Every structure is written in C-alpha cells, then in structure tokens.
Amino acid sequence: MPAIRPLTDTVPCGTTPPVSPGDAPAAQTGVLETRAAAPLRMRACVLREPGVAPAVVWVELAPPRAGEVLVRVAAAGVCHSDAHLADGQLGPGRWPMVLGHEGAGVVEAVGAGVEGLVPGDHVVFSMVASCGVCEACRSGRRTLCGPVGARSVAGRLADGTSRLTGADGATLQHGLTVACFAEYAVVAAAAAIPIPADVPLWQAALLGCGVVTAFGAVAHAARVHVGERVAVIGCGGVGLQAVSAARLAGAATIIAVDRRPEKLEHALRRGATHAVDASAVDAAAAIVELTGGGVDHAFEVVGSPATIRTAWDALRPGGTAVVVGLAPAGVEVSLPAIEFLSEKSIMGSYYGSADPVQTLPGLIELVRSGRLELADMVSHLIELDGVPAALDRLRAGEGDRSVIVLDPELAGAEASPAP
Ligand SMILES: [Zn+2]
Ligand SMILES: [Zn+2]
C-alpha cells in the first residue's frame, strides 16, 4: 500500500479563503479581479499526440468569459478515459489537449452572469454542463446533451473556443471540457458543482466521474431494487463504486468479478457477497451457478467484447446487462440473438444516466454520513508529473485510483514522491 498522508480530515481554508458576496475585503476582491482579467501561466499535463507520454509543461489559461468560472484545482483523479485519450482510442483529432476531467477545487473567479458560485466555493467538476434546451435535455436526459457531446469531442468550451494556449502559441483542447490536470481550470459554471467545504477535496475529486458514473449506472440505468442479484464485472475505480452502489440499493447478492485477487478482496470489503476470479474460472458460468440461474443486472465496467459477453451470459431470463466500460472506437460485440427470446436486455450507461447537478448532493450526504467511503479508493496520491506512470497502472489494471494533488493545502493531502 503506497503511503497516503492526509494532512487533516477536513480541508483547510488554504490560500483562497471563502468569500461571500458583500463581505469580501476590497484588497481580496482586487486580487480576484486581477486573476480574472489576465491570462494565467500555469503548469499542465498536456497530451501532444497519442503514443507519446503526456508531459507537464507551462501553458497559458485565458480568463473566464461570461458564464464561466476559474477554478484553482486541488486534486484530480486519473480515469481510464484519460488512458484511452492518451492512447488515441477515442478517435482522431483529440490533441493537443490538457488532460483530466475528474477533479475538485476552489472557485478563484467568476465570469459575467454567473450565479450561484462565488470565489471560495469548493466545487467538483462535471464533464456534462448540459445546455438545458436541446432535445435530449428537454426530455430529461441531460447526460446525452447534444451540444455538450460535440464540445467534449472538440475539447472546447460553450462558445466553441479554448482558453488554453501552449508555449508555442498553439491552441490546446480542454480535455472532455474540463482539463483539470493543471493548476487551474476554466470551465462552464454548470461544470463546477458546489459541495460543502468539509469534504476533503482529495476525496471529492473522485465524485465527478467515477462515483457519479457507477452510482448512476446502478440507480438510474439499471434501477436495482432491494433483494435483487447483481454482478459487477471489472473491479477498478468505477466497478468498486458500483459494488457500493448495489449494496446501498439493497441488492441481496453482489458478485464481484475480476482477474486480480486484491481487487476482489477490496470488492468484498465494500459489500460484495461473492468474488469470482475470472483468471481461474469461466466467470459467467460461475455467476449462473452461484445464483441458480443468473443475475438480474450485470454491470460491465471494463469495456471489452469479452467482458460484455460475460455480462450477457451471466443474466437470468429478463435480466439486463449495463455496459459502463468504455471500449475503444471501432470495437464490436456479438451476442447470441436467439437469447432475446428470453427477454434479456443490454444497454449503455454514460456518466450515471442522470444530471450530476441533481445526483451529486445525495452522494455527498452519503460520504458525509460515512456510508460511502472514498478514501479507500485512492491507492496512489501523486504529483502532476506522475500522470504517465498512473496511466501505465491503469493499462496494467494495477492499483485503484491515482489522485493528483495539485495543491496539498487545498486538497488536504500530500502526494508521495514517485517510486
Ligand atoms: Zn472518467
Ligand atoms: Zn442539451
């Protein structure tokens, strides 16, 4: 277990004291306005092109425009999507880019017209700052927001432009519209979801992607009910949260599947009732045997044809496979079509299948009441230059979450030097 050294249980006020409207000292307001008005020079982890390790370089960040906020990043989680982007698996044209979409920080300045956020607010990044007016948004499916999807692929903010410029003058993309592997981030105000200041930011960093994704897949996509049987295939950062979500939803049977014994042990500590080592047995056959016919819901959290097929084969008649794992572009899956006779279903779930603005407050309360553990998900606290090694761990399936500590005082934890 790598050393993790939280400084405190709660986040100190740090270098950016909370400021409420009306009580900001003049001098401080001046500082914030200056920050908001001039470009910042900052360190960021930039993906130049796939196959070349992302590197920490100096970049320039322009001030927030109308409807945007400048956030001092405290901590950021390294997610499998970052590895996919770094490997060029999410399609062409996704570089050069400042990586990072899962993180937390403190609002430093707000652009014109921003309501509900003030400097000093602690926030979690959301990569779906939905528009609210497109067809998907109007039908209540905000994670499928059309404009956000297009901006996410283009690495641009809402007005179609970027605030990020490299030292060579080239425009840099905002990774999945967030770009939080950097000391600061300018994001849409709707992409900065306020949270109480007593949740340590090195833990809160996980909420905006891995936790929202896993809990939403269980609660909003599958709608797991009390007493149901569930399998979670792949016990990485998202899969382990899916185990917790299934436990909190009241699933009677939770079967964790992975090829690494330490991940299975972690899943059992989080509430899995059974563990299946997919390196030793046919996982689907084991699940069917354990449940006397298959599970009601199988969550695939790997993103490969083999594990998607395992999820399908593990279902009982009428069951649903929920594909949460992100497969590289071009990957196809085949299923035995005759089994649709048994009313099995397969569905995707993106980013929790619900508006994170609505779902995050409930998750925060679970964290604050101690019923949702975040700290035990973090296997490595790293510095910004530790991203390539963290991506290698993800590719190899080693460890749980790596969290980059950008600002130890704000984050409430220090990074361990790279081994
Ligand atoms: Zn992610
Ligand atoms: Zn929309």
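Look up: the structure comes first, before these words.
Reading the values: rules and limits
- Think of each chain on its own: its residues are numbered from 1, step by step along the sequence as written.
- As a convention, the first chain written is A and the first ligand written is 1, with the rest following in written order.
- pLDDT decides what is reported in this predicted model: residues at 70 or higher carry local features, side-chain atom pairs at 80 or more are listed and counted, and totals for whole chains, interfaces and linings draw on all residues regardless.
- The side-chain figures draw on all heavy atoms in the structure; neither hydrogens nor water molecules are used.
- Secondary structure elements are defined from DSSP: runs of H or I of at least 4 residues count as helices, runs of E of at least 2 residues count as strands, and each element is numbered from the N terminus.
- Radius of gyration: over C-alpha atoms. The globule rule applied is 2.2 Å multiplied by the number of residues raised to the 0.38 power.
- Burial classification: accessible surface area is computed with a 1.4 Å probe over protein chains only, and a residue below 20% of its type maximum counts as buried, one above 50% as exposed, and the rest as partly exposed.
- The method behind every accessible area is Shrake-Rupley, applied with a 1.4 Å probe, and residues are considered shielded solely by the protein chains displayed.
- Here, strands pair whenever DSSP counts at least two bridges between them.
- Note on geometry: axes are lines fitted to C-alpha atoms, helical ones only across the stretch in contact, with angles between N-to-C directions running from 0 to 180 degrees.
- Each metal site lists N, O and S donors within 2.8 Å (3.2 Å for Na, K and Ca). With water left out of the atoms, a site can look as if it is missing ligands.
- A site with four donors is called tetrahedral when every donor-metal-donor angle falls between 85 and 135 degrees; four donors are called square planar, and six octahedral, when opposite donors sit more than 155 degrees apart and all other angles fall between 65 and 115; any other arrangement is irregular.

Draft legend 1. Structural detail: the overall build of the protein. Along its length, the protein carries 13 helices and 20 strands. Relative to the 2.2 N^0.38 estimate, which gives 22 Å for 419 residues, the radius of gyration of the protein is 21 Å and therefore close to what a compact globule would have. C-alpha extents for the protein along the principal axes are approximately 70 × 45 × 40 Å. Here the protein holds 419 residues, and the buried ones make up 54% of them. With an accessible surface of roughly 16,600 Å², the protein has 55% of that area assigned to carbon and sulfur atoms.

Draft legend 2. Main features of the sheet that holds strand β13 (residues 253-258). Taking strand neighbours across the sheet as the criterion, the six strands line up as β14-β13-β12-β15-β16-β17 in an open arrangement whose pairing is parallel. At either end of the open sheet lies a strand with only one pairing partner, and these are β14 (274-277) and β17 (345-348). Averaged over all pairs of adjacent strands, the angle between strand axes in this sheet comes to 20°, irrespective of strand direction. As judged from the four bridges shared by strand β12 (residues 229-233) and strand β15 (residues 295-300), these two strands associate in the parallel manner.

Draft legend 3. Summary view of the coordination of the zinc ion (ligand 2). The zinc ion (ligand 2) binds to the protein through C131 (SG), C134 (SG), C137 (SG) and C145 (SG); the donor distances cover 2.3 to 2.4 Å. Its four donor atoms give the zinc ion (ligand 2) angles of 104 to 119° at the centre, a pattern that matches the tetrahedral case. Taken in sequence order, the residues that donate to the zinc ion (ligand 2) follow the motif C-x2-C-x2-C-x7-C.

Draft legend 4. Expanded view of the pairing of strand β6 (residues 102-110). Where burial is concerned, most of β6 is hidden: eight out of the nine residues are buried. Sheet topology note: the strand β4 (residues 68-78)/β6 ladder contains eight bridges and is antiparallel. Residue pairing in the sheet places G77 in a bridge with E102 of β6. As judged from the three bridges shared by β6 and strand β7 (residues 122-125), these two strands associate in the antiparallel manner.

Draft legend 5. Representation of the coordination of the zinc ion (ligand 1). At the metal site, the zinc ion (ligand 1) is ligated by C79 (SG), H101 (NE2) and C209 (SG), and these contacts range over 2.0 to 2.2 Å. Between the donor residues of the zinc ion (ligand 1), the gaps in sequence give the motif C-x21-H-x107-C. With H101 in the loop between β5 (97-98) and β6 and C209 in helix α6 (residues 207-222), the pair connects residues that are 108 residues apart, well separated along the chain. Of the two residues, H101 and C209, neither departs from the other in class, the shared state being buried.

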